[in-house]
Amino acid sequence: MGQSSSSCSCNNGHEIYRPVIIGKNSGDIDGDDDLTLSLPDECLGSVFGKLGCLDRNSCSLVCKRWKCVDSKSRNRLVLLARSELSPCLPSLLSRFNTVSVLSLKCSRKLFSIDDAALSRIPIFLPFLKKLKLKGCIHISDDGLHAFSLHHPPLLTKLSFASCGFGAKGLNSLLSNCPSLQDLTLKRLRKLDATSSTPASSLWPGAMSVDGGDVSNDHHNNINAVVAGDANKKEKDVHNYYYKRSLRLERLCLKDLHNARLFIPLILSASASIKTLIVCRSSGNWDRVLETSLHGKTTSISEIQMENVQMGDAGLLAISSSCPDLQLLYLSRTTDCTDDGLSAIANSCRKLRKLHIDAWSRFGSRTIGDEGVFSIANKCSQLQEVVLMGIPIAIPSLNALASNCPVLERMALCNTDSVQDSEMAFIAAKFLALKKLCIKNCPNVSKSGIEAVGRGCPNLVKLKVKRCKGVTQAMVSRLRFQRSSLVVSLDAGSMLFDSGGISLLASAVNEEEQGTATAMTNTNSTRSAAAAATTVAATHVICSSRGALLLRSKFESALQLGRRRRPTEDNASWYSPSASIPSCTATITY
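The following refers to the structure shown. Remember, predicted model here, so these are calculated numbers, not experimental data.

Here's the deal with the packing of helix α17 (residues 420-429) against helix α18 (residues 446-454)
Angle between the axes and distance between the axes are the two parameters that describe a pair of packed helices. As a packed pair, α17 and α18 sit with axes 8 Å apart at the nearest point and diverge in direction by 0 degrees. On the basis of the axis angle, α17 is roughly parallel to α18. Judged by residue contacts, Asp 420, Met 423, Ala 424 and Ala 427 of α17 engage Ser 447, Gly 448, Ile 449, Ala 451 and Val 452 from α18. Grouping the constituent residues of the contact of α17 with α18 by class yields six nonpolar, two polar and one charged.

Side note on α17
Residues spaced three or four apart along an α-helix face the same direction, because each turn holds 3.6 residues. Among the residues of α17, Glu 422, Met 423, Phe 425, Ile 426 and Ala 427 are the ones counted as buried. In this structure, the buried side of α17 is in contact with α16 (394-403), β14 (409-413), β15 (435-439) and α18.

Overview of the side chain of Thr 333
When you line up the elements, Thr 333 lands in the loop between β11 (327-331) and α14 (338-347). The buried category is assigned to Thr 333, whose relative accessible area is 7%. If we ignore the near neighbours within four places in the chain, the residues touching Thr 333 are Met 305, Val 308, Met 310 and Trp 359.

With respect to the packing of aromatic side chains
Scanning the entire structure with this criterion turns up three aromatic pairs. Residues Phe 160 and Phe 165 carry aromatic rings whose centres are separated by 5.0 Å and whose planes lie at 80 degrees to one another, so their mutual orientation is edge-to-face. Under the relative-accessibility criterion, Phe 160 is labelled buried at 1%. Note on Phe 262 and Trp 285: the rings are 6.3 Å apart at their centroids and 15 degrees apart in plane angle, and the pair reads as stacked. Of this pair, Phe 262 sits in the loop between β8 (250-254) and α11 (263-269) while Trp 285 sits in helix α12 (residues 285-293), and the two are 23 residues apart along the sequence. Note on Phe 262: relative accessible area 1%, which makes it buried.

Concerning the packing of helix α7 (residues 141-148) against helix α8 (residues 167-176)
Where α7 meets α8, the axes come as close as 7 Å, and the angle between the chain directions of the two elements is 10 degrees. Classed by the angle they form, the pair α7 and α8 counts as roughly parallel. Contacts from Asp 141, Leu 144, His 145, Phe 147 and Ser 148 in α7 reach Lys 168, Gly 169, Leu 170, Ser 172, Leu 173 and Asn 176 in α8. Tallied by class, residues from the contact of α7 with α8 come to four nonpolar, five polar and two charged.

Some words on the pairing of strand β13 (residues 384-388)
The element β13 is largely enclosed, with a buried count of four among its five residues. Here five bridges tie strand β12 (residues 353-357) to β13, and the two strands are oriented parallel to one another. Residue pairing in the sheet places His 355 in a bridge with Val 386 of β13. Pairing of β13 with β14 involves five bridges; the strand directions are parallel. Of the residues in β14, the one forming a bridge with Val 386 is Ala 411. Chirality of the crossover, the property in question, places the unit of β13, α16 and β14 among those that are right-handed.

Remarks on unusual backbone geometry
Although it is not a glycine, His 151 adopts a positive phi angle of roughly 50 degrees. In this fold, His 151 is placed in the loop between α7 and β6 (157-161). Exposure remark for His 151: the relative accessible area of 34% places this residue in the partly exposed category. In the Ramachandran plot, Asn 307 falls in the positive-phi region, its phi being about 55 degrees despite a non-glycine side chain. Within the secondary structure, Asn 307 is located in the loop between β10 (302-306) and α13 (312-321).

What about the pattern of salt bridges?
Following the criterion strictly, the structure yields 11 salt bridges and no others. Measuring nitrogen to oxygen at the nearest pair gives 3.2 Å for the salt bridge that ties Asp 182 to Arg 250. Of this pair, Asp 182 sits in strand β7 (residues 182-186) while Arg 250 sits in strand β8, placing them 68 residues apart in sequence. What makes Asp 182 buried here is its relative accessible area of 12%.

Calculation criteria
Residues numbered from 1 in each chain as written. Predicted model: local features only at pLDDT ≥ 70, side-chain atom pairs only at ≥ 80, totals over all residues. Heavy atoms only, no water. Axes fitted to C-alpha atoms, helices over the stretch in contact; angles between N-to-C directions. Helix = DSSP H or I, 4+ residues; strand = E, 2+ residues; numbered from the N terminus. Parallel < 35°, antiparallel > 145°, perpendicular 65-115°, else oblique. Contact = heavy atoms within 4.5 Å. Nonpolar A, V, L, I, M, F, W, Y, C, P; charged D, E, K, R; others polar. Buried < 20%, exposed > 50% of the residue type's maximum accessible area, 1.4 Å probe, protein only. Phe/Tyr/Trp six-rings, centres within 6.5 Å; stacked < 30°, edge-to-face > 60°. Pairing = 2+ DSSP bridges. Right-handed = clockwise from strand over helix to strand, strands pointing away. Salt bridge = Lys/Arg side-chain N within 4 Å of Asp/Glu carboxyl O.

Coordinates in, geometry out; function isn't part of it.
Okay, here's the thing in structure tokens:
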């Protein structure tokens, strides 16, 4: 700020020192010297690590040393994997040979890199730990097989999304990557369970280490177990293992078909897997869990099931095989009821986080207050509870408050059963609660929120969304009375009128309603005197982020309209006293 770069004088009593370049005296330093020459390469690489991608790319073009330091200090590389990248990929990877995380992304509408380019990646990246492919539809099973034959020793995480290979290539990776721990599969449409070949199932033993297929007899035994052959004895299912046991710790499946494909994979990795995530994947997951877990004790601590066909049979399989379960996430499962959740409560006593979205597409019986009551009575280590669409009552809340002394985070959403009386009970009984979220509970008014503000001594954050009875004025008073409490109110309503745009709360208080009514009456009187039609306000109800976006867009449009000079043809359109048809619209997200 106005100081010379070579000045060494005192500033407010503090001396300003400059680094001394090795081999030179301080008097020999001029404005053209490179002060980074005195920095070790490790320090310079650490500085580069704080920069963004574009700035770092620019720094690599400054000099040879900076280019070398940038190349040796890069740990993560994200490339647009178009077909044009294939010939120059070896030279690019040889420059950044210390990269441990590689992401190759391409649009499915374009030609991606080929199998030859993918197969050479382990040669140039010996320290590769994580590989992500997205939209590379021109990489086939042969490319994955050639990649796996290099046996990358440090590769621990694989993520594939919208790619063009199937089970055969994945099987070769699972067989030839000894350190693989994390596998994520998304939108792989070539995974097909209708074929009769051994590679039709996602099975780590389907290919040997050298890439050859296993015997047909062994494959017939697999098909008998997967298809649920009635002639198979129970001991054959319990003793059913594959050539190589996987060391997978995390398995994530999203937007996939044919759930029966993954029975061998989960069965082989059941001894080591800790996290299982299934989202929007078709098939009968009750059968998958029953066959793959089959009652043996596993080390699974986290299960997330979202938008899948699963019921009480799947929950029973989880309860009998996962005694160390700590996180259970059930969102829009089709047939889960209170009976299945009670089985979880009886067996999984270490449960710490529970997330349930009881919305049902078919309107069938789902999880209710009874299941939550059983969880509250048996799982004393609960720290976080998220209940959506569950008609929870005071007895269940009392059980949570009495039996779960470490419950710190709770969210109650999309229910009419939560009223001001339940809010007052929460304020009086939940002494350890630190974060509370109330969303889309129309029977909660300002008195319930004020009760929570007066109670819950350890509460640090309160979030209120889409509750009609809660006003911005009440939230302001609560913030003033309890300054240590962070209160968040979703202001998701916008009022459009002829005078402009104003962003309002989801529900205005009585005073604001009275003011709005008075303004409407005044405008009506003026319009009647001018023989014009009253302009009706238009309310758009959406989330706060959407409301802010709409506000900015419409304000820009109105300002642009005001700047335009009206012509004779459209002068009446811009006139404040002109007749404008009234309109009322409500948009809900």
